[in-house]
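Overview (structure and organization)
Chain by chain, the residues:
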Amino acid sequence: MDVFSSLLSGFLIAFSPLNLLLIVLGCVVGLFIGAMPGLGSVNGVAILLPVTFLVPPASAIIFLGALYYGAMYGGAISSIMLGIPGASTAVATTFDGRPLALQGKADRALVGAAVASFIGGTISVVLFTLFAPPLANMALAFGSPEEFALVLLAFATFVGLGTDDIPKTIFSICIGLVLSAVGLDILSGEPRLIFFDLPGFYHGINFLVLAIGIYGIGEILWTIETSKGDMSVSQATVSMQRLKDTFVALKGTIGSMCMGSFLGYFVGILPAAGATPGSLMAYGAAKSMSKEPGTFGQGNIAGVVAPESANNAASTGSMLPMLTLGIPGSPTTAILLGGMVIWGLEPGPLLFVENATFVWGLIASLYAANLFALLTNIVFIPAFMWVLRLPFTILAPVIFILCVVGGFAPTQDMHDVWLMLIFGVVGYLLRKLDYPTAPAVLAIVLGPLFETSMRQSLLMAQGSFLIFFNRPIAAGIMIVAIALFVLPLVKLVRNRLSQGSNRQAEA
């Protein structure tokens, strides 16, 4: 009962005129920041952090929290409408969101993304409210071996449960892991894979550069080739009947939304994991749960709602270790943590005791921000749909310019712009050769976490791989991952035996 009384007092703080105005403003600003390729919640919070010193600390963190939520919603917009991920957290949304838009179902993808974001945000905030301390302790139980096993399981789902060519999938994962290793060695600091001694490779390959190149530039090249002179675009429309049909269709994806919400929230509370791995893992899990995994990548609405619910749940989950332990769960919460320190608020277990008013005001504001972000997104859907009605001769240069801006913005280095153009050509060639790009994207995102957790685990065990099987949680995840890797081989042997028995029967 104490929790509910504290939450009620938090709502009184969140719905004060100033804080309510900041919540609405944060959602709207965050929506457009998230939709701009290359910006995302990290840059949005960093840019607007100095502005918050004009208001009280509680109001400041409420505004930045709402902006964070709005950016999570907004990242799906450019992924669906233009095929350019607005942020790294929305890359998985591109896999099925863009094909839906090209089929004239952009309204279904946008509404699905908005509703899934709302479901993910709501479930995560409820979990945050009820189970903050126990979940923080559970996150601490996840060490390097458990993180390695979890990442290996993410790769295994693409291999064992995917419908793509298995050798091509493994090749795609390996390419992604190689690209994620470019830069400086995490232990020795020595440079590695510095191609042609170009200094731009010293900071590694930025994930957004790869994603924008493959899904932005590559999409333009593919559209130009497949259009064969017909440069008309999808004449998407939006009406009350279509919205009603969309909500009916979304009933069948409730399972994917809930799965993505819980998975994303749990991955989000793991220190240094963040929303991007959570959304990609949720996409792989939704594909493995589906009765029609072959439709993923071709416009399956479950491929939109799963990652969208996961990245919003993860954004709330990443605040949990920040507030309870003082450990940021994502790059955005690291900036929020810095702001809290500047405002004189010391994150940690005592924050819930010494600054209970601030904490419960923030939690209550997340409920409000989640609702306002949903309403804002749905209100602007007709404006977003207008983008698809532009002639391709106008849309293609706009997409190209946004890709260049998105490639330049993260590091402000022209090296990344040229790299993005190269990745665009590579993405186009991979699509022509029927190589799956999603596993490569997953690998370059999870590659640093995969390497760091593996090397830290082996250092702890003095080089013994048994550490991944000596710990109960890690062992359970490893067994499932190995089973998924072996599954294609079992299917192959079973098919060969059945073909042999059929031949004998015919003879």
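If you're wondering where the values come from, they're calculated on a predicted model, not measured in any experiment.

Calculation criteria
In every chain, residue numbers begin from 1 and rise along the written sequence. Local features in this predicted model are restricted to residues of pLDDT 70 or higher, and side-chain atom pairs are both shown and tallied only at a pLDDT of 80 or more, whereas totals for entire chains, interfaces and linings draw on every residue. The basis for every side-chain value is the complete set of non-hydrogen atoms in the structure, without hydrogens or water. Segments assigned H or I by DSSP are reported as helices when at least four residues long, segments assigned E as strands when at least two residues long, and all are numbered from the N terminus. Between 30 and 60 degrees the pair is tilted, below 30 it is stacked and above 60 it is edge-to-face, where a pair is any two Phe, Tyr or Trp rings, Trp via its six-membered ring, whose centres lie within 6.5 Å. Throughout, exposure labels follow a simple rule: accessible area from a 1.4 Å probe, protein chains only, divided by the maximum for the residue type, with under 20% read as buried, over 50% as exposed, and the rest as partly exposed. Charge-over-ring contacts are defined here by two conditions on Lys NZ or Arg CZ: a distance within 6 Å of the ring centre and an angle within 35 degrees of the ring normal. Here the arc refers to the set of directions running from the helix axis out to each C-beta atom. Only C-alpha atoms enter the line fits that serve as axes; for helices the fit covers just the stretch in contact. Angles between N-to-C directions range over 0 to 180 degrees. Left-handed describes a crossing in which the near helix is turned anticlockwise from the far one by less than a right angle; the clockwise case is right-handed. Here a residue-residue contact requires only that any non-hydrogen atoms of the pair lie within 4.5 Å. When residues are grouped by polarity, Ala, Val, Leu, Ile, Met, Phe, Trp, Tyr, Cys and Pro land in nonpolar, Asp, Glu, Lys and Arg in charged, and all others, Gly among them, in polar. Two N or O atoms form a polar contact when they lie within 3.5 Å of each other; inside protein one atom must be a possible hydrogen donor and the other a possible acceptor, and for residues adjacent in sequence the pair counts only when both atoms belong to side chains. For this analysis, a salt bridge means a side-chain nitrogen from Lys or Arg found within 4 Å of a carboxyl oxygen belonging to Asp or Glu.

1. What to know about the environment of F195
The topology assignment puts F195 in the loop between strand 2 (191-192) and helix 9 (207-227). Separated by twelve residues in the primary sequence, F195 and G183 have C-alpha atoms spaced 9.7 Å apart.

2. Notes on the packing of aromatic side chains
For the structure on display, the rule yields nine aromatic pairs. Aromatic side chains F195 and F201 sit 5.4 Å apart centroid to centroid with 85° between the ring planes, which places their arrangement in the edge-to-face category. On the basis of relative accessibility, which here comes to 7%, the residue F201 falls in the buried class. In this structure an aromatic cluster arises from ring pairing among F148, F450, F465 and F468. Positioned above the aromatic ring of Y435 is the side chain of K168, whose terminal nitrogen or guanidinium carbon lies 5.0 Å from the ring centre.

3. Quick word on helix 10 (residues 240-250)
Those residues of helix 10 not exposed but buried are L243, T246 and L250. Summarising the axial view, the buried residues of helix 10 lie within an arc of 55°, below the 170-degree limit, and thus occupy one face.

4. Thoughts on the packing of helix 11 (residues 254-269) against helix 12 (residues 275-289)
At their nearest, the axes of helix 11 and helix 12 sit 9 Å apart, and the two run at 145° to each other. Relative to helix 12, helix 11 is oriented so that their crossing is right-handed. Taken together, the residues of helix 12 that come into contact with helix 11 (itself represented by G255, S256, M259, G260, L263 and V267) are P277, G278, M281, A282, A285, A286 and M289. In the contact of helix 11 with helix 12, the residues fall into nine nonpolar, four polar and no charged.

5. Things to note about the environment of S144
Considering the arrangement of structural elements, one finds S144 in helix 7 (residues 144-160). A residue is classified by how much of its surface remains accessible, and S144, at 11% relative accessible area, is buried. Placed 330 residues apart in sequence, S144 and A474 show a C-alpha to C-alpha distance of 9.2 Å. Setting aside residues up to four positions removed in sequence, S144 forms contacts with S453, Q456 and S457. Within the local environment of S144, its side chain forms a polar contact with the side chain of Q456, the two groups lying 2.8 Å apart.

6. Considering the pattern of salt bridges
Taken as a whole and judged by the stated rule, the model has five salt bridges. Taking the shortest distance from any N to any O, the salt bridge between R455 and D185 comes out at 2.9 Å. Placement of R455 in helix 21 (residues 438-460) and of D185 in the loop between strand 1 (183-184) and strand 2 is noted, with a sequence separation of 270 residues between them. We note a salt bridge from E451 to R192, for which the minimum N-O separation is 2.7 Å. With E451 in helix 21 and R192 in strand 2, this pair connects stretches of sequence that are 259 residues apart. On the basis of relative accessibility, which here comes to 15%, the residue E451 falls in the buried class. The structure contains a network of salt bridges with shared partners spanning D185, R192, E451 and R455.

Taken by themselves, the reported measurements are silent on function.
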